[in-house]
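Read off the chains here:
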Amino acid sequence: MGTVTGSTMAGMEVPLLNTDSIEWHNVTVPSSSTLTSQNNDHPICKDFSSCCIVGDPCSYFIWRTSKSTPRSLEIIELCCQEQIPRTGLRITFPDPLFPFAFICKDVSMLSSRNKLVLYALTTSGVAYIIRLKDKFEYGTSSNLSFNDYIEYNTQAFPHGGEITAVTATAGYLLIGRNDGSTGCFHLSSNDPTALGPLFELRDDGGFGLFRGILSRSPTPAVQDLVTSEVKSKKLLFVLHSDGSFRVWNLSSRGKIFSQSRIATTSAGVFSRLWVGDANENGTIPVALLHRHKEAIAETILLYGLHCSSGDRLSFTLGSWSQKIALEEGGTIDAKFASNKVWILKEGALIMREIFRDDVKEASTHHFTLLEAYISKLLFQSSCNSLDDLLWLSLSVLSSAKEEITTFLSTIFMRSLLLPGVFCNSVLRQTLGNFNKRFTDSEFTLLTIDGLKREILSVIDYQGANNSPVSALERWSSFCSQYVDTWCKQNAACGLLLDPFTGAVALIRKNGISICRGLEDAESAIHGYLEEQKPKLEFSALQLDQEILFEVLHCAEYMSQQLGKPASAIFYDSLIALPNISSEEVVSCFLNVLESGYSSSVAPFLVSEMGLDAAWNRDFLNCRNLRKFSVSMHLSLLALSHKARSWSKVLDVIESYLKFLVPRKIMLNSGAREYFYLNAAAVVQATCQISKVMLDCSFDVLMLLSYVTRISGQINMSCNDVLRVTQDLVPMIQEILMEWHIIHFIGTCPSQSPAIGDFDYQLSVMQIGGKFSKKPWIYWNGKFEFSLGYLLLSMQKSNISHSHFPNPNDLISLSREFTSWIIWGQVEEESSVFFSNAIEVTTTLLVHGQLNATEYLLKFLDECLRKERSLESLQAVDCKSYALYHLLGCCLVAQSRNGLTMPAQNKKVEEAIHCFFRTASTEGFFNALQSLPSEAGWLRIDFQSCSSSAACKLLYYQWVMQLFEQYSLSDAAWQFALAALEQVDEAFESVDGRSIENVDNSVTSKKGKLWANVFKFTLDLNKYHDAYSAIISNPDEESKHICLRRFIIVLYDRGVIQMVCDGQLPLIGLDDKVEQELARKAEHSDLSTKPNPFKLLYAFEMHRHNWSRAAAFMYLYCNRLRVEVAEKKCEMKSWSLKERLNGLAVAINALQLVHPAHAWITAPLKEASLDKESYPSKKARIIKHELSPSDDSPLQKSASYLNVEKLEEEFVLTSAEYSLALADVEWSFNGDEKPTVELIDLLVESNLYDMGFTVILKFWKGSHLQSELERVFNALALNCCVSSQAQIFPGRRNHKMSPLLLTASEDELTHNSTDDGTIAQLPGDGPWERLELYLNRYKAFHQGLPLIVARTLLSSDPQIKIPMWLIQHFMVSNKSSLGMTGNQSDPAALFRLYVEYGRFSEAVKLLVEYLEGLSSVQAHDVIRRKKPFSVWFPYTYVERLWNMLEQSIKLGHRTDECENLKKSMLKTLQNHLNLVELDSEDVKQAVR
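Figured I'd write up the structure that's included with this text. From a predicted model like this one, the values you see are computed outputs, not experimental measurements. (Residues numbered from 1 in each chain as written. Predicted model: local features only at pLDDT ≥ 70, side-chain atom pairs only at ≥ 80, totals over all residues. Heavy atoms only, no water.)

## Here's the deal with the overall build of the protein
Point 1. Counting secondary structure elements, the protein contains 48 helices and 37 strands.
Point 2. Split into buried and exposed, the 1487 residues of the protein put 54% on the buried side.
Point 3. The long-range share in the protein, meaning contacts at least 24 apart out of those at least 6 apart in sequence, stands at 66%.
Point 4. Per element, the accessible surface of the protein, about 67,000 Å² overall, is 51% carbon and sulfur. (Helix = DSSP H or I, 4+ residues; strand = E, 2+ residues; numbered from the N terminus. Buried < 20%, exposed > 50% of the residue type's maximum accessible area, 1.4 Å probe, protein only. Contact = heavy atoms within 4.5 Å. Areas by Shrake-Rupley, 256 points an atom, 1.4 Å probe, with all protein chains shown as cover.)

Shown next, in the form of C-alpha cells:
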C-alpha cells in the first residue's frame, strides 16, 4: 500500500437547506420511574448525523444528535419530489442518546397515521420503538402517547457488558459490548410481549444463548457494527478494538469471515468501520479508521472482500488494499459510492478512487467546503485581502473618507447577505457578541433593510473614528467573528449518500448541503486541461494548451498583484450602476498596475499610519510593482515568442472566451418541471459557478486591457491591438454582463410580497393542511430565497428530480438553468446578448420583484447604449421597445412602494420617458404583442389595430389606464393628451363605413379622452385645465357630465367661487352652469359651506342679473322657513338669521332693478323642497321653480313679490328672530299681515323696538294709534312696576301677568341668543325707555303723553310724574295763550290732576298759567285781548274748588287745602279782573 498525500480539486459544497427556517415540533418521551437517569456528559455522546432512506418514491430522513443536547434527537424528512420542508421533529428522551437512530416502515400498520417506526437507544441501555406520525403532525409541543412507543431495557439480563456500539435493521437491534459480544434483540412495534434478547454472537465457536452462558476467554471490545445485505442475506460486520473484524450471517447466526488483527506502523485503536456495496466483480469495499495513539493524524485502511459465487455465502480477503493518511483534523464519516470512497474530515471532504491496483493511478480529489468559500467571500482567507481592498478602494474612489467608508460597508454588507453565507442564527449570535441582542420575535420581524441597519449600528458603535482604516478593522473583526460562529454552528456531522444517483450530501449542525462537480470552464481555469481537449477548439492542441496555460498564468499573476478584492470592487461597480462605471474601475486598476496606487493614497497613509509606516508601505508597493512589471513584461514576451506571433495568442484567447460563454441547452420532449428541494442546490451551484466565471472573465479583461496599454513594449502590432479593442474586449464584456446577470439572479434576495397578496396569505395559513400550489409564495421575501428560486419554478429539466443529483447532474442542472436565463427555451441557436431578457424580466415583474426587474432592465439599457457593444447587440433592438415597456411598468408599480415624494416623482418621470420611448418607433406593437402569455396584464393585443396611429392610440390609452390605476393623474394626463393627438389619424381609414359613422366614432373617442383629461386635471387641482378640457370636449353629453362633476368637485373642495367670480370664461355655458349650481343647491344641506344658494346669488350678481340673484336668495330663505317648520330645526335662531340676511340681500339686489321690473316670483306653497328624495351625489332633473325663468310653467299660477312685500317679510322675520332669541315660540306662516298677538309677544318680551317696527309697517291711521296706545300703556305700567319695586324691594321678583305687561328686569337676562349674548334694551331703566320711545313716536300720535300720564296715575294716583312727561304737555301750549293746545295740552294735564286728586299740582299748574297770562309781553297783549284767544278749563277749575271745599269739610288735609284754596281764590280774582279789563278794552275797540 502507498500513501497519497496530494489531491486535486474536484468540486465544491453547495448549500441545500438551512434548518433556521425549520419549525420544530417538540415531542417529549415520558420518563419511566424504574430507570435511572444518566448525566448529559456521557463520553459516547457527540455531534453526529446520518440518513435513513425509506419508501418509493423515497424519503430521506435526516437524523441528528448533539453533544450540547444529548437527550434530543432531531429528524427532518426530505423528499425531492416535494417542496422544501418547513417542519421537523425534535424528540426529547429521559436519558442521553447513543449517536444512533434507525427509521423504517411500520410493518404493523396499527394506525393509518403512523407509517414509520423509529429505533433509538439511550446510554443507560434502554431501547425505544416509537411509531411516528405522518408529516410529524404533533403540534409545536406535546408529550408522546404511551400507545405510540415501547421501551425495553437491554441491560436487564445477566452478564451484560457495557454497550460500545449499536446498529439496527428492520425488526432487530444489534448491540456491541466491551466484552466482545454482540447481542441481537427482537423489537416489534405491535407485540410488546415479543420484545427481548434473541441471540448472542461471540467469537468462541459461533453464538450462544444468553441463558447458561459459560465462562469464555476475553475478546477485544466491539468498536463498530455495520449491517449490509449481500445476495438477499442480512450480514453483520463487526469491528473490534484490536483491528480484527468479523462478518456474521444473521439468518444462520454463523460467522462467515474473520480477519485477525491488522498490522499497523504505529500504536493506536481502530474506531470506525464502513462497508460498501459489492461491485460488478463481487468485491465489497471495507474501510477501517485507525487513530494513532500519539500523533494527531489518522489513517483509513481500505480492503476488498471477495464474495464467493456459489450457493454458500463466503468471503475472502482480496489482494487490493489501500492506505489513506489523514494528517490533520479528525475523521467524521465516510461513505462508499461505486468505485469511490468519500471521506469527511474536519475542514475537508476527500474523494478517493478504489479498486485500482496501481496506487499512484488512484487519484485523490478534494471538494471545497463552505468554510473556505465563506471565508474567501468575507475577505478572511488571506491576511492581505483587507489591505488590498483598502488600497484599491482608495485608488478607485479618490474622494472623501465618508464615501470610501460607505463603499467598504457596501461591499462587506453585500457579501454578508449572500445566499449561502447568510445564516439567521449565526448573525444573531454575532450581533449578540457585540451586545446587540434580540428576542425570537424581534429577530424574526427584521427585514433585509432592518438587518442592514442593525449591522451598521454595531459597526459604527465599535469606534468613534469614521476613517476607512478604522471602518475596515471593525468590519474585519465582525466578519471574523461571523466566520468563527458559522463554523461552530454549522460543523459537519455526517455524510449522506444517495444510492440511486451517487449524490453525496453533508449533514451539518444547522443545515444540509450537497456536492457538485466542476464546470468545464472551471476545470480549465484550475489547469486541468487534459479532460477538456475535445471542447477547446484548438488547431495544434499541445501548443495551444501551453499558450492557454501561460495566458491563464499571466492573468492569475495580475490578479494576485491587484489582490482578490479587485473582482469584488468591479462587481460592485456593476451593481451600483449610477455611482461608478465598470470602465472607470478597469481604468483605475490599470493605472495601479502601471504606476502604483493613486497619488491620493500617500497623504491618506501618512494621516492614518504615520510617516514611517507610510514610507515603508510605499517602498514595498514600489518594489512589488517593479517586480510585477518586469516579470509580466518577460512573461508576455515569452508568450509571444512561444506562439511565434500575437495573432496566435489572440486566437487561443478567443477560443477560450467562447468556452466561457454560457451554453445553450436544448430540452427534450420529456423535460419535467423542477421540485424545490433540488432547486436550492441548483441555484446555489449556479451562484458559485457564475462567481468563478465572473472572476475569470474579469482577469482576462484586465489582461487584455493591460496588454493594449503596453503593446509597444511587447511588440504587439497595431492590427493586433485593434483586434483586441474591437473584437475581444467587447466579447469579454458581453460574457461578463451575461455571467453578472446570472450571478445577480442567483444572489439577489426576493422582494417581500405585497400586503394585499391573497395567494400569499392563503399559503401562509395553509388552510386544510395543504401547501400552496405555488411553493415559492411561502418563501418569497425570505433571506435565503433569491430570484433564482422563483425563475427556476418556470423552467423544465431533462434530469429526473426524484432523487438528489450527483455532482455531474448538478452541473448539468446548473447549465440548464443558466441556458434558460440567457437563451430561453427556444430550440434555435442565438447569438443575441441576453435573448431571454423579456421572459426573465416579465416573470420577475409579474411576481412582484420590482427592484430586481428595474435593475436588470436599466442594466440592459445601459449595455444597449454602449457604442462598443452595438454590433453584438443589434438583434436586441427589435425587442428593446418591449424592454422599455416593461421598465415603464416596473417603475409605475414601484412608485407606490412607500417611496418619498421626490423618489416617487423621479420614478414616474422615468416611466413616462420609457413609455414614450417605446411608442416612438415604428413596429413597437409587434414587440409588445410578442410578450409571453405569462405576462398577463403587461401584454397588449394590437390585432384590432389597422394602422400605426391606431396602435399608438391603443397603447397611449393602455398606459393612461395604468397610471390611473396607480392614482398617478399627472402622468395619465400626459398620455391622454398624447392619445388625443392620434385620434384623427387613427380614424382616417374608413374601412367601408360611412363618413357619418366615422365622425361619430371620432367624436365619441375624443369625448372619452377629453373626459379623461378632465378627470386627471381635476384630480391634480388644475381647475383651469379641467375647464379647458370641458369646453374642448366635442361630445355634448360627455361635456355636460363633466361640467356637472366639475361643479360638484369644486364645491366639495371649497373653490367653487372661481365659477362665480368670473375666473372661468363661461362662453355658452352660463345656463348649464346655473342649472348645475341650482341642482347642487337643491340636493345639498343648507348648513354646508359654502352655501350653494349664496353661490348662485354671487354667480347671478356677477352676470348683472339682479332679479335672478334676488330670486335665488328668496328661494333660499323660503327653503329655510319650510325646513324649520317641517323639521323643527334645533338651529332655529341660525336659520332665522340666515333668512334675515337672505331677505336683506334679495331686497338690495331687487332695488338695483328698474322699478317696473323689480319683482320676483314667489314659490308655490304646495311646492316642497324635499331633498331627501334625491341623492345628493346623483344627477336629477332640476325643478323648474328652483330656476326662476320667465317661461316656467309653474309661474302661471304663482304670485309675485316686489320690494315692499320683501320688506314686510323681512320685518316679520326679524320679529320672529327676536322672539326666538327670547325663547318665545312664534312662526311666520306666510300671511301678509300679522295679528295683535305678535305685538303682545314682542311687548311681553321687552322687544319694544321690534314691536314699534311691526306696528309702523303694518298698521295705518286709527289702527296705528290704537296699537301705539296699547304699547305705551304697557311701557307706563312697566314704569309703575319699577317704582313699586324701588319702594318695596321684596316685590322685585314679582312678575306681572296681564296682557302687555313686560317682564321684570331679572327676566331680561334669560333672553339670550344662540351665541350666548344677552338681549339689550335701550336706556338705563323703564323711565328712560318710556321717555325715549315717547319722544320718538309722539309724532305718530299726539295723545301719547296723555295716555302715558293717565296710565301712570291710574296705576298709582300718588306717583311722581317725571318732569320730561310734564314738559310734553307744556310744549304743546307754546303757540296759544291759556291752557289750550292739542290732545296733550296743559288743560289735559290739569284735568288729570283734578281727576286723581292731585290738588297741589293742579292748583300750581292753574296758578302758573293764570299768572303767566297776566305777565305776557307787550306784543302778546293785543293777541290776548282778541275774542276767544284765551281759554281755561273752567269747569274743572270749579270742580277743583268744590273738591277742596269738600276736603276741608271732611277734615282731610285742612290746612293744605285752605292754603290751596286761598292761592287759587287770589289768582282767580286777579284773572277775572284781568278778563274784565280786557273785555272793556274790547268793547272800547268796537266802539
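So much for the structure itself; the text now carries on.
## Quick notes on the environment of Val126
Point 1. Mapped onto the secondary structure, Val126 falls in strand E9 (residues 126-133).
Point 2. Remark: the alpha-carbon pair of Val126 and Pro94, spanning 32 residues in sequence, is separated by 9.9 Å.

## Some details on the nonpolar core
Point 1. Membership of the largest hydrophobic core comes to 282 residues, with the highest contact counts inside it found for Phe915, Phe963 and Phe1046.
Point 2. Counting residues per element, this core draws most heavily on helix H15 (residues 676-709), which supplies 20 residues.
Point 3. Residues in contact with Phe915, not counting those within four places in the same chain, are His885, Gly888, Cys889, Val892, Tyr955, Trp958, Val959, Leu962, Phe963 and Phe975.
Point 4. Core analysis: the second largest hydrophobic core is formed by 73 residues, Val1243, Phe1272, Cys1279 and Trp1441 among them. (Core = buried A, V, L, I, M, F, W, Y, C linked by side-chain atoms within 4.5 Å.)

## Things to note about the sheet that holds strand E4 (residues 59-65)
Point 1. Overall, mixed pairing links the six strands, which are arranged E3-E4-E5-E6-E2-E10 in an open sheet. The sheet terminates laterally at strand E3 (48-54) and strand E10 (141-143), the two strands that pair on one side only. The average undirected angle you get between the axes of adjacent strands in this sheet is 25 degrees.
Point 2. Relative to E10, strand E2 (residues 23-28) is paired through three bridges, and the arrangement is parallel. The partner of Thr28 across the bridge, within E10, is Asn143. (Pairing = 2+ DSSP bridges. Axes fitted to C-alpha atoms, helices over the stretch in contact; angles between N-to-C directions.)

## Points about the packing of helix H1 (residues 370-377) against helix H7 (residues 468-489)
Point 1. Orientation of H1 relative to H7, taken along the N-to-C sense of each, is 165 degrees, at an axis distance of 10 Å. Between H1 and H7, the crossing angle belongs to the class labelled roughly antiparallel. The chirality of how H1 crosses H7 is right-handed. Taken together, the residues of H7 that come into contact with H1 (itself represented by Leu370, Glu371, Ile374 and Ser375) are Val483, Trp486 and Cys487.
Point 2. Among the residues forming the contact of H1 with H7, the class breakdown is five nonpolar, one polar and one charged. (Parallel < 35°, antiparallel > 145°, perpendicular 65-115°, else oblique. Left-handed = near helix turned anticlockwise from the far one by under 90°. Nonpolar A, V, L, I, M, F, W, Y, C, P; charged D, E, K, R; others polar.)

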